[in-house]
Amino acid sequence: MRTDPCELIDQSAMSILQMVIIAITVGLNSLDGFDILSISFASAGIAREWGIDKAALGVVLSMELIGMALGSFFLGSVADRIGRRPTILSCLVIMSSGMFMVTRAGSIFILCFWRIVTGLGIGGMLAAINALTAEYSNLRRRHLCISLMAIGYPVGGVVMGSIASMLLARHDWRSVFYLGSSITAFFIPVVYFIVPESVHWLFYEQPAGALEKINKTLGRLGHAAVEALPKINRSLRKKSAAGVFSSNYLATTLLLAAAYFLHIITFYFILKWAPKIAVDMGFSVSSAGVILVWGNLGGALGGIIFGLLTLKLDLKKMAIATLFLSAVFYTVFGQTPANLGTMSLLCLLAGFFGNAGVIALYAIVAHAYPTRARAFGTGFMLAVGRGGAVLSPILIGFLLQLKM
């Protein structure tokens, strides 16, 4: 009998349950897309209610990104230690609570605090679901599955962003966060009852009852049970977090973190400021939200097409091309006149290549690290990248304040 269930999953055709798990990770990633955009949709209402200027609003827009950086770094390593499933469940509870408490904030300071809390949950969840997606897909379709997971981000922006625009036409900015909190809470029982712990994580960490849990999951996947698990060197397990900084991985870790940091500075320009820029040009709040919907539609299309191309083309070359083209279209967007149609089209193109660049880096980081360091490797890249996300709206807020 086989004793390596990881090889069994890597080499076999994907089962229905594996496809369902990938679909759930798409939904989980859509929560990130919606939450990031929720504060952008709500920004005009927040600025009007509390009378804050663009520079101060830029700080507010960055708060959950600070939380995401902290969550990605610290909770990514937690996912490698305690498992993907409990990390995801805990993060969903944190996210739902944080979104709800934003609606109860009586001051900008309290609102910023709850945005940081929400960001902590999102950051930890993203590190865990990237690892979970890689570990429940087979080798042949791994890059495609990661691409599909990653398009949850723009899908969340398109679907829930459209709903948010309708809510803002009739209600105040708090309605957006009520929606986000409710949908996040919905995923808690979905993950609890459907998603088992990663077989790869159980195999390498071997906690108490690992063999029984692995065989139960293998049965649900349609595979035969394994008779026993090989002994894993205890010292190897202890190197989980530090592994990404070892001599074998240090160059890859630093390069991926730098690439993600620089790309995200650009990526968050439109995500955080496009609606407010459109409102300042004279468009209504609900009309301005449509620009982000087009941007996220482009992101979803870019993710799907990029994922399909990974089955045929070289991942590294595709990553270089998408990062370059996203830079081109973001630059053109910065020069666009006050025309809603033109802005929407450029947002679609910038979103297409911008999100494809994000997905390329997700796929590379999942491919680059072994199971014992995969979540932390993802988390470290995301944490550094979120530093760029924090810097982006603050920097642009000051530039806009200076009328540049």
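Predicted model, so just to flag it, every value in this text is computed and none were measured. (Residues numbered from 1 in each chain as written. Predicted model: local features only at pLDDT ≥ 70, side-chain atom pairs only at ≥ 80, totals over all residues. Heavy atoms only, no water.)

Visitor: I'd like a description of the overall build of the protein, backed by residues and values.
Guide: Helix and strand counts for the protein come out as 16 helices and zero strands. Its C-alpha radius of gyration of 21 Å places the protein within 12% of the 22 Å reference for a compact globule of 404 residues. Each principal axis of the C-alpha distribution contributes one length, and for the protein these read about 70 × 45 × 35 Å. Counting across all 404 residues of the protein, residues that qualify as buried make up 57%. Considering only residue pairs separated by 6 or more positions, the protein has 84% of its internal contacts joining residues 24 or more positions apart. Entry remark: accessible area of the protein is about 15,900 Å², with carbon and sulfur atoms responsible for 68%. Across the protein, the mean location of the 30 positive side-chain charges is 1 Å away from that of the 17 negative side-chain charges. (Helix = DSSP H or I, 4+ residues; strand = E, 2+ residues; numbered from the N terminus. Rg over C-alpha atoms; globule rule 2.2 N^0.38 Å. Buried < 20%, exposed > 50% of the residue type's maximum accessible area, 1.4 Å probe, protein only. Contact = heavy atoms within 4.5 Å. Areas by Shrake-Rupley, 256 points an atom, 1.4 Å probe, with all protein chains shown as cover. Lys, Arg positive; Asp, Glu negative; His and termini not counted. Charge placed at Lys NZ, Arg CZ, Asp CG, Glu CD.)

Visitor: Provide a residue-level description of helix 14 (residues 315-333), including the pertinent values.
Guide: Between its terminal C-alpha atoms helix 14 stretches 27 Å, which fits the 27 Å expected from 19 residues at 1.5 Å a residue. Those residues of helix 14 that sit buried are Leu315, Met318, Ala319, Thr322, Ser326, Tyr330 and Phe333. The buried side chains of helix 14 occupy one side of the element, clustering within an arc of 100° when seen end-on. Exposed positions of helix 14 whose direction lies more than 90 degrees from the buried face are Lys316, Lys317, Ile320, Phe324 and Thr331. Residues of helix 14 that are buried in the fold lie against helix 6 (142-150), helix 12 (250-280), helix 13 (285-309) and helix 15 (340-368). N-cap assignment for helix 14: the residue whose side-chain oxygen lies 3.3 Å from the backbone N of Lys316 is Asp314. (Expected span 1.5 Å × (residues − 1). Arc of directions from axis to C-beta. Polar contact = N/O pair within 3.5 Å; in protein donor to acceptor, adjacent residues only side chain to side chain.)

Visitor: Summarise the confidence of the model for the protein; cite the residues concerned and give the values.
Guide: Considering every residue of the protein, the mean pLDDT works out to 86; 97% of them sit at 70 or more. Element-level pLDDT for the protein is lowest in helix 11 (residues 234-237), with a mean of 58, against a maximum mean of 95 in helix 4 (residues 84-102). (pLDDT = per-residue confidence, 0-100.)

Visitor: Break down a nonpolar patch on the surface for me, citing the residues and quoting the values.
Guide: On the surface, Val290, Trp294, Leu297, Leu301, Ile304, Ile305, Leu308, Leu309, Leu311 and Leu313 cluster together into a nonpolar patch covering about 790 Å² of accessible area. With respect to the helices, strands and loops of the structure, Ile304 is situated in helix 13. When its relative accessible area of 38% is taken as the criterion, Ile304 is described as partly exposed. (Patch = residues over 30% accessible without salt bridge, like charges linked within 9 Å, V, L, I, M, F, W, Y side chains within 5 Å. Salt bridge = Lys/Arg side-chain N within 4 Å of Asp/Glu carboxyl O.)

Visitor: Lay out helix 12 in plain terms, naming residues and giving numbers.
Guide: Here helix 12 contains 31 residues, and its C-alpha end-to-end distance of 45 Å stays within 8% of the 45 Å for a straight helix at 1.5 Å per residue. At Trp273, helix 12 is bent by approximately 55°, the largest bend along its length, and proline Pro275 sits one to four residues beyond. Immediately beyond the C-terminal end of helix 12, within one or two residues, lies Gly282, with a positive phi of roughly 110°. (Bend = angle between axes of the 7 residues up to and from the residue.)

Visitor: I'd like to hear about the environment of Leu111, residue by residue, with values.
Guide: For Leu111, the location among the structural elements is in helix 5 (residues 108-136). The class of Leu111 is buried, set by a relative accessible area of 0%. Each C-alpha atom, one on Leu111 and one on Ala373, is 34 Å from the other, the two residues being 262 residues apart in sequence. Residues contacting Leu111, with those up to four places away along its chain left out, are Ile39, Ile46, Trp50, Val60, Val102, Ala105 and Trp173.

Visitor: Break down the pattern of salt bridges for me, citing the residues and quoting the values.
Guide: Applying the stated rule across the entire model yields eight salt bridges. The salt bridge involving Glu135 is made with Arg374; its shortest N-O contact spans 3.1 Å. Of this pair, Glu135 sits in helix 5 while Arg374 sits in helix 16 (residues 371-401), and the two are 239 residues apart along the sequence. A relative accessible area of 1% places Glu135 in the buried class. Classification of Arg374 as buried rests on a relative accessible area of 7%. Between Arg174 and Asp172 there is a salt bridge; the shortest N-O distance is 3.2 Å. Relative accessible area serves as the criterion here: at 38%, Asp172 is assigned to the partly exposed category.

Visitor: Any chance you could break down the packing of helix 5 against helix 16 for me, citing the residues and the numbers?
Guide: Packing of helix 5 against helix 16 brings their axes to within 8 Å, and their N-to-C directions diverge by 140°. Relative to helix 16, the element helix 5 lies oblique. Here the hand of the crossing between helix 5 and helix 16 comes out right-handed. Two secondary-structure elements touch here, helix 5 through Leu126, Ala127, Asn130, Ala131, Ala134 and Glu135 and helix 16 through Thr371, Arg374, Ala375, Thr378, Gly379, Leu382 and Arg386. Tallied by class, residues from the contact of helix 5 with helix 16 come to six nonpolar, four polar and three charged. (Axes fitted to C-alpha atoms, helices over the stretch in contact; angles between N-to-C directions. Parallel < 35°, antiparallel > 145°, perpendicular 65-115°, else oblique. Left-handed = near helix turned anticlockwise from the far one by under 90°. Nonpolar A, V, L, I, M, F, W, Y, C, P; charged D, E, K, R; others polar.)

Visitor: I'd like a rundown of unusual backbone geometry, residues and numbers included.
Guide: Phi at Gln206 takes a positive value of approximately 50°, unusual for a residue other than glycine. Locating Gln206 in the fold gives a position in the loop between helix 9 (199-205) and helix 10 (210-221).

Visitor: Can you explain the packing of aromatic side chains? Please cite residues and give values.
Guide: Overall, the coordinates contain 17 aromatic pairs when judged by the stated rule. Their ring planes at 55° and their centres at 6.2 Å tell us that Phe73 and Phe380 sit as a pair that is tilted. With a gap of 307 residues between them, Phe73 in helix 3 (residues 54-82) and Phe380 in helix 16 connect regions that are remote in the sequence. With 6.5 Å between their ring centres and 75° between their planes, Tyr260 and Tyr362 make a pair best called edge-to-face. With Tyr260 in helix 12 and Tyr362 in helix 15, this pair connects stretches of sequence that are 102 residues apart. By relative accessible area, which is 2% here, Tyr260 ends up buried. In textbook terms, an aromatic cluster arises when at least three aromatic residues are bridged by ring pairs, as seen for Phe73, Phe74, Phe245, Phe376 and Phe380. We note Arg85 situated over the ring of Tyr192; from NZ or CZ to the ring centre the distance is 5.0 Å. (Phe/Tyr/Trp six-rings, centres within 6.5 Å; stacked < 30°, edge-to-face > 60°. Lys NZ or Arg CZ within 6 Å of the ring centre and 35° of its normal.)

Visitor: An account of the packing of helix 2 (residues 16-50) against helix 4 is requested, with residue identities and associated values reported.
Guide: Two elements in contact, helix 2 and helix 4, have axes separated by 12 Å at closest approach and are oriented at 25°. Judged by the inter-axis angle, helix 2 sits roughly parallel to helix 4. Taken as a pair, helix 2 and helix 4 cross one another with a handedness that is left-handed. Here helix 2 contributes Leu28, Leu31 and Asp35 to the contact with helix 4, which in turn contributes Ile88, Leu92, Met95 and Met99.

Visitor: Provide a residue-level description of the environment of Lys54, including the pertinent values.
Guide: Within the element layout of this structure, Lys54 appears in helix 3. Sequence separation of Lys54 and Phe398 is 344 residues, and the distance between their C-alpha atoms is 7.2 Å. Excluding residues that lie within four positions of it along the chain, Lys54 makes contacts with Trp273, Lys276, Asp280, Gly397, Leu400 and Gln401.

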